[in-house]
Amino acid sequence: MSIAPAETATASHCPYCALQCAMTLTDSAGAISVGARDFPTNRGGLCKKGWTSAELLSSPDRIVEPMLRQPDGGFAAASWEDALDLVADRLSALRAEHGADSVGVFGGGGLTNEKAYQLGKFTRVALGSSRIDYNGRFCMSSAAAAGNRAFGLDRGLPFRLEDLGAAETILLLGSNVAQTMPPFVAHLEGARAAGGLIVVDPRRSATARLTEDGAGMHVQPAPGTDLALLLGLTHLVIAERLADREYLAARTTGFEALRRSVGEWWPERTQEHTGVPVWQLREIARRLAAGRGTYILTGRGVEQHEDGTATATAAINLSLALGLVGTAHSGYGTLTGQGNGQGGREHGQKCDQLPGYRKITDGAAREHVAAVWGVDPQSLPGPGVPAVELLSSMGRAGGIRCLLVHGSNVVVSAPNASRVREGLAALDFLVVCDFFFSETAQFADVVLPVTQWAEEEGTMTSLEGRVIRRRRAIDPPPGVRSELWILRELARRLGSPSTFSDDPAVVFDELCRASEGGTADYSGLSHELLDSGVAAYWPYPTGSAGTPRLFLDRFAHADGLARIVAVRSRSSAPPESGTLTLVTGRLLEHYQSGAQTRRVPELAAAQPVARVQLHPATADRLAITDGAEVELANARGSVRCVAELTPDIRPDTVFLPFHFAGDECANLLTSDATDPVSGMPEFKRTIVTVRAVQRELSNA
Ligand SMILES: Nc1nc2c(c(=O)[nH]1)N[C@H]1C(S)=C(S)[C@@H](COP(=O)(O)OP(=O)(O)OC[C@H]3O[C@@H](n4cnc5c(=O)[nH]c(N)nc54)[C@H](O)[C@@H]3O)O[C@H]1N2
Ligand SMILES: Nc1nc2c(c(=O)[nH]1)N[C@H]1C(S)=C(S)[C@@H](COP(=O)(O)OP(=O)(O)OC[C@H]3O[C@@H](n4cnc5c(=O)[nH]c(N)nc54)[C@H](O)[C@@H]3O)O[C@H]1N2
Ligand code: SF4
Ligand SMILES: [Mo]
């Protein structure tokens with residue numbers, strides 16, 4: 001027997017966001033340390049979250065045994081046999097009594113491709129349920145719907161991230177990359193040097209500040225008016241004859257309807273609606289049309305709205321009018337958020353979808369996937385319902401009575417949080433797979449502890465559509481199991497007609513076969529090939545070398561043309577006097593619902609509590625001082641947090657991060673109204689009142 005070396009180094013990637021920064025994980029005597037690794041996306045950089053990510057592997061909060069709810073309301077540890085038997089028995093009983101669709105599954109964009117694929121297969125085949133959706137609905141759904149409709153395919157960046165480096169102009173709408181993907185900023189340097197970084201954000205965010213000193217322009221519209229802004233810019237591009245008529249004729253359909261639809265958005269009206277001055281509008285339109293190397297990029301700030309799909313569509317239409325998409329030096333893209341936010345939307349955890357980005361309603365797709373799974377296509381359920389609808393059906397007549405949660409903390413991150421809490425409490429049975437007792441796990445009947453990123457093999461698909469390898473660098477704690485193993489064991493107990501492997505390489509091979517011929521075709525890939533270090537951009541059909549840049553010759557619709565879909569701006573009533581518009585979003589130190597980063601001591605110390613950004617003039621009017629405790633309220637609920645006065649926000653707007661729980665949870669205020677096309681909730685525009693409160697005596 002050979003003696004293991006004292007230190008082993010493993011090349012992997014960060015557990016958090018879609019930039020998927022490259023890391024070297026070094027195991028010294030059972031403890032992992034993180035080193036940055038050079039890679040085209042992060043160029044040797046990591047943010048604070050990446051640097052501290054390994055601390056959670058040995059967190060004292062970690063769950064290391066299955067936990068079962070006891071009659072007294074507490075939890076007690078159980079064996080895996082007992083826990084899985086209980087889950088399988090309850091699922092079978094609920095299914096027998098109330099039908100397969102009484103069992104719902106909620107997935108996540110942080111799951112590896114293998115887990116996301118297996119979860120979709122498990123739901124359709126082992127549970128026979130149509131009721132699966134995932135947190136990517138809260139994240140990428142508007143841009144995905146717009147991309148699919150316009151291009152026939154949704155890959156967040158249809159080009160390589162590195163391509164941005166050569167750009168002279170980048171229009172960044174509703175994205176704060178300086179805090180949400182810090183190493184991304186290096187890719188903006190070319191545009192900044194050329195004076196062409198244009199950031200559209202109601203806040204002077206860290207990213208907006210990158211435009212200072214001649215590097216570009218910060219545009220500060222009222223929240224939720226980006227659609228009007230984009231229609232106004234398109235109006236100007238057409239009126240000033242800046243549109244690329246040749247490109248439009250050769251590569252698109254629908255331009256005439258677009259031209260008519262933007263007719264009413266003359267600059268003065270756009271200014272009145274958005275608050276963006278006419279001179280800025282003209283300057284942006286001209287700059288965008290000025291020459292080589294122009295990119296338009298969108299983030300959650302413009303997509304997480306009730307009109308998010310229309311807004312993303314308007315950004316695409318502007319890009320098409322300028323002839324940017326499918327050319328070597330220009331483009332349109334959306335910045336995917338979660339670690340596997342891209343792959344997570346390709347392999348079957350969306351309610352209307354089968355692996356390979358296939359439609360579940362497409363007969364040929366059903367036949368192909370059913371053949372890979374060895375089941376009758378007729379046995380596959382039809383489309384389910386999107387995330388908000390799935391969650392709001394909990395405990396209601398005809399809704400789901402049981403939910404399995406894999407990789408999301410909906411109590412904190414889903415809109416209208418009090419309704420979500422009520423729904424979870426009304427369920428007959430809740431199973432949560434997690435590493436920690438997240439706020440959602442606290443509602444569970446059974447909590448199953450799973451392996452973390454550095455303890456498992458798998459693949460992730462980054463924001464540029466590049467499939468990368470996640471490597472196991474350390475053994476998991478003894479009581480913890482992989483999600484693939486859990487799904488295999490449950491499928492077996494449920495008498496599933498198809499087999500479920502718990503070997504990630506085997507699952508990946510099956511996924512690749514299931515995706516063959518689909519939009520997101522991975523059939524030419526394998527763990528082995530990826531380990532050799534190829535830059536694997538999908539589509540990657542068998543025998544190909546992948547597709548770093550999409551649409552160079554044609555778009556993915558049958559006729560090869562991009563569809564321009566004319567969209568209209570909603571007429572929005574101005575907020576009532578005395579109210580403010582709440583915008584929610586992110587801080588550098590915390591990730592999403594905070595279930596992970598609130599458990600990293602130095603991140604928690606840097607941002608221990610929720611703070612609401614308020615303009616000093618607004619604060620003065622409301623007699624609120626910096627650091628005072630305030631209450632934000634509306635008809636849905638109220639939030640207690642600390643006031644942070646800053647001139648960087650519009651006086652009519654306040655900003656609250658959504659990383660905190662309990663009565664600091666921003667989603668107590670957000671509405672579960674959704675975009676009719678994508679099912680995206682309105683996270684970025686909520687009407688609230690703000691008042692100072694006396695600090696109550698705490699019992700601490
Ligand atoms: N630190 C950190 N990084 C992350 C994450 C995290 O939780 N923390 N999450 C990852 C994930 S899943 C995602 S989706 C990405 C999200 O990344 P981003 O899209 O960059 O993040 P947000 O902070 O949600 O929103 C970006 C900006 O939109 C602005 N905004 C709000 N409303 C509007 C509006 O109506 N119009 C315009 N133009 N702008 C508006 C906000 O002021 C904010 O600065 O980040 C990823 N990276
Ligand atoms: N108000 C407001 N709300 C928002 C947003 C906003 O901007 N404003 N943004 C939305 C967006 S873009 C997103 S992406 C969502 C994200 O919000 P969530 O879906 O809540 O995402 P996370 O906080 O990452 O939750 C992941 C949970 O799963 C666990 N976990 C991590 N990896 C795995 C795994 O591999 N397997 C399992 N079983 N568990 C795992 C973590 O410990 C954590 O408890 O929030 C949305 N909510
Ligand atoms: S930017 Fe994203 S991928 Fe990179 S280290 Fe930070 S959280 Fe991780
Ligand atoms: Mo996201």
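Residues numbered from 1 in each chain as written. Chains lettered and ligands numbered in written order. Predicted model: local features only at pLDDT ≥ 70, side-chain atom pairs only at ≥ 80, totals over all residues. Heavy atoms only, no water.

For the chain, the name recorded in an unreviewed UniProt entry is Molybdopterin oxidoreductase family protein, with Lacisediminihabitans profunda as its organism.

The next subject is the site of ligand 2. With respect to spatial proximity, 29 residues lie near ligand 2, and among them Asn-135, Ser-413, Asp-434, Glu-483 and Ser-593 are the closest. With respect to ligand 2, the side chain of Asn-667 contributes an N or O atom lying 2.8 Å from a nitrogen atom. According to the grid-proximity analysis, the pocket containing ligand 2 is the largest cavity. Its residues assigned to classes, the shell around ligand 2 shows 10 nonpolar, 14 polar and five charged. (Near = heavy atom within 4 Å. Polar contact = N/O pair within 3.5 Å; in protein donor to acceptor, adjacent residues only side chain to side chain. 1 Å grid on protein atoms, 1.4 Å probe; cavity = no way out; pocket = protein on both sides within 12 Å on 5 of 7 lines; lining within 4 Å. Sits in = over half its atoms within 2 Å of the grid points. Nonpolar A, V, L, I, M, F, W, Y, C, P; charged D, E, K, R; others polar.)

Let us now look at the sheet that holds strand β3 (residues 31-36). In spatial order, the strands read β1-β2-β3; together these three strands make up an open sheet with antiparallel pairing. Taken across any chain shown, the strands that pair with only one partner, and hence form the sheet edges, are β1 (7-13) and β3. Pairwise comparison of adjacent strand axes, ignoring direction, gives a mean angle of 25° for this sheet. Examined bridge by bridge, strand β2 (residues 22-28) and β3 share six bridges and lie antiparallel to one another. In the strand pairing of β3, Ser-28 is matched with Ala-31. (Pairing = 2+ DSSP bridges. Helix = DSSP H or I, 4+ residues; strand = E, 2+ residues; numbered from the N terminus. Axes fitted to C-alpha atoms, helices over the stretch in contact; angles between N-to-C directions.)

Let us look at the site of ligand 1. Around ligand 1 there are 32 residues in total, and Asp-201, Asp-226, Arg-586, His-590 and Gln-592 lie nearest to it. At 2.6 Å from an oxygen atom of ligand 1 is found a side-chain nitrogen or oxygen belonging to Arg-586. At 2.8 Å from a nitrogen atom of ligand 1 is found a main-chain nitrogen or oxygen belonging to Leu-587. For ligand 1, whose unbound accessible area comes to 900 Å², protein coverage reaches 99%. Among the cavities detected, the one that contains ligand 1 is the second largest cavity. Of all the elements in the fold, those that place two or more residues in the shell around ligand 1 are α5 (177-180), α12 (300-303) and β23 (580-585). Examining the composition of the shell around ligand 1, we find that three residues originate from one element, α12, more than from any other. Within the shell around ligand 1, the residues separate by chemical class into 10 nonpolar, 15 polar and seven charged. Built from parts of two domains, the shell around ligand 1 gets at least three residues from each of domain 3 (141-334) and domain 4 (580-696). (Areas by Shrake-Rupley, 256 points an atom, 1.4 Å probe, with all protein chains shown as cover. Domains from an automatic or database assignment.)

What follows concerns the pairing of strand β19 (residues 458-461). Of the two faces of β19, the one lined by Gly-458 and Met-460 and the one lined by Thr-459 and Thr-461 are each fully buried. Bridge count for β19 against strand β20 (residues 466-470) is four bridges, and the pairing is antiparallel. Residue pairing for β20: Met-460 is matched across the bridge by Ile-468. Between β19 and β20, which follow one another and run antiparallel, lie four residues, and Gly-465 among them has a positive phi close to 75°. (Buried < 20%, exposed > 50% of the residue type's maximum accessible area, 1.4 Å probe, protein only.)

In this section: the pattern of salt bridges. Enumeration according to the criterion identifies 41 salt bridges in this entry. For Asp-154, the salt bridge goes to Arg-345, with nearest N and O atoms at 2.7 Å. Remark: Arg-345 occurs in the loop between β13 (331-334) and β14 (353-354) and Asp-154 occurs in the loop between α4 (141-151) and β8 (169-173); sequence separation between them is 191 residues. Here the two residues Asp-154 and Arg-345 agree in accessibility, since each one is buried. A salt bridge links Glu-456 to Arg-470; the nearest nitrogen and oxygen atoms lie 3.7 Å apart. (Salt bridge = Lys/Arg side-chain N within 4 Å of Asp/Glu carboxyl O.)

Relative to the helices and strands, Pro-182 is located in the loop between α5 and α6 (189-193). Pro-182 gets classed as partly exposed once you look at its relative accessible area, which sits at 24%. Between the alpha carbons of Pro-182 and Thr-294 there is a distance of 21 Å; along the sequence they are 112 residues apart. For Pro-182, the contacting residues outside a window of four places in its chain are Cys-47, Val-177 and Leu-588. (Contact = heavy atoms within 4.5 Å.)

What follows covers the packing of aromatic side chains. The full count for this structure, using the stated rule, is 14 aromatic pairs. The interplanar angle of 55° and the centroid separation of 4.9 Å between the aromatic rings of Phe-75 and Phe-437 together place this pair among those described as tilted. Of this pair, Phe-75 sits in strand β5 (residues 75-77) while Phe-437 sits in the loop between β17 (429-434) and β18 (446-449); the two residues are 362 residues apart in sequence, bridging distant segments of the chain. The structure contains a cluster of three or more aromatic residues connected by ring pairs, namely Phe-151, Tyr-332, Phe-551 and Phe-555. (Phe/Tyr/Trp six-rings, centres within 6.5 Å; stacked < 30°, edge-to-face > 60°.)

As a rule of thumb, nonpolar side chains are buried together in soluble globular proteins. Membership of the largest hydrophobic core comes to 77 residues, with the highest contact counts inside it found for Phe-122, Ile-170, Phe-184, Leu-297, Leu-448, Leu-463 and Ile-486. The element that contributes the greatest number of residues to this core is helix α2 (residues 80-98), accounting for seven residues. Excluding its chain neighbours within four sequence positions, the residues that come into contact with Ile-170 are Leu-164, His-187, Leu-188, Ala-191, Gly-196, Leu-197, Ile-198, Tyr-295 and Leu-297. Counting 75 residues, the second-largest nonpolar core is a separate cluster that includes Ala-144, Leu-233, Ala-312 and Leu-324. (Core = buried A, V, L, I, M, F, W, Y, C linked by side-chain atoms within 4.5 Å.)

Moving on: the UniProt feature "domain: 4Fe-4S Mo/W bis-MGD-type" (unreviewed entry) in the chain. If you check UniProt for "domain: 4Fe-4S Mo/W bis-MGD-type" (unreviewed entry), the listed places come out as residues 7-59 in our numbering. The straight-line gap between the two end C-alpha atoms of residues 7-59 is 21 Å; of that span, 8% is helix and 38% is strand. (UniProt positions renumbered as here; feature names shortened; annotations may be inferred.)

Turning our attention to the domain arrangement of the chain. Accessible area lost upon the coming together of the parts serves often as the stated size of an interface. You can read the domains of the chain as domain 1 (8-58), domain 2 (67-139 + 340-503), domain 3 (141-334) and domain 4 (580-696). For domain 1 and domain 4, the distance between their C-alpha centres works out to 30 Å. Regarding the contact of domain 1 and domain 4, the summed buried area is about 900 Å², with carbon and sulfur atoms giving 69% of it. Contact with domain 4 buries area across many residues of domain 1, yet Tyr-16, Lys-48 and Lys-49 alone supply 54% of it, more than any other trio. Applying the counting rule to domain 1 against domain 4 returns one salt bridge. Here Glu-589 and Lys-48 are joined by a salt bridge, their closest N and O atoms 3.0 Å apart. The tally of links between domain 1 and domain 4 comes to three residue pairs in polar contact (both at pLDDT 80 or more). Residues of the side of domain 1 that touches domain 4, tallied by class, amount to four nonpolar, one polar and three charged. (Buried area = accessible area lost by both parts, 1.4 Å probe.)

Right, let's get into the sheet that holds β17. Strand order in this open sheet of seven strands is β5-β4-β18-β17-β16-β6-β7, and the pairing throughout is mixed. Strands with a single pairing partner mark the edges of an open sheet, and in this sheet they are β5 and β7 (132-134). Adjacent strand axes in the sheet meet at a mean angle of 20° when their direction is disregarded. Here five bridges tie strand β16 (residues 402-406) to β17, and the two strands are oriented parallel to one another. Residue Leu-404 lies in a different strand from β17, and its bridge partner there is Val-431. The strands touched by helix α3 (residues 113-126) are β6 (103-107), β7 and β16; relative to β7, the strand with the most contacts, the crossing angle is about 155°.

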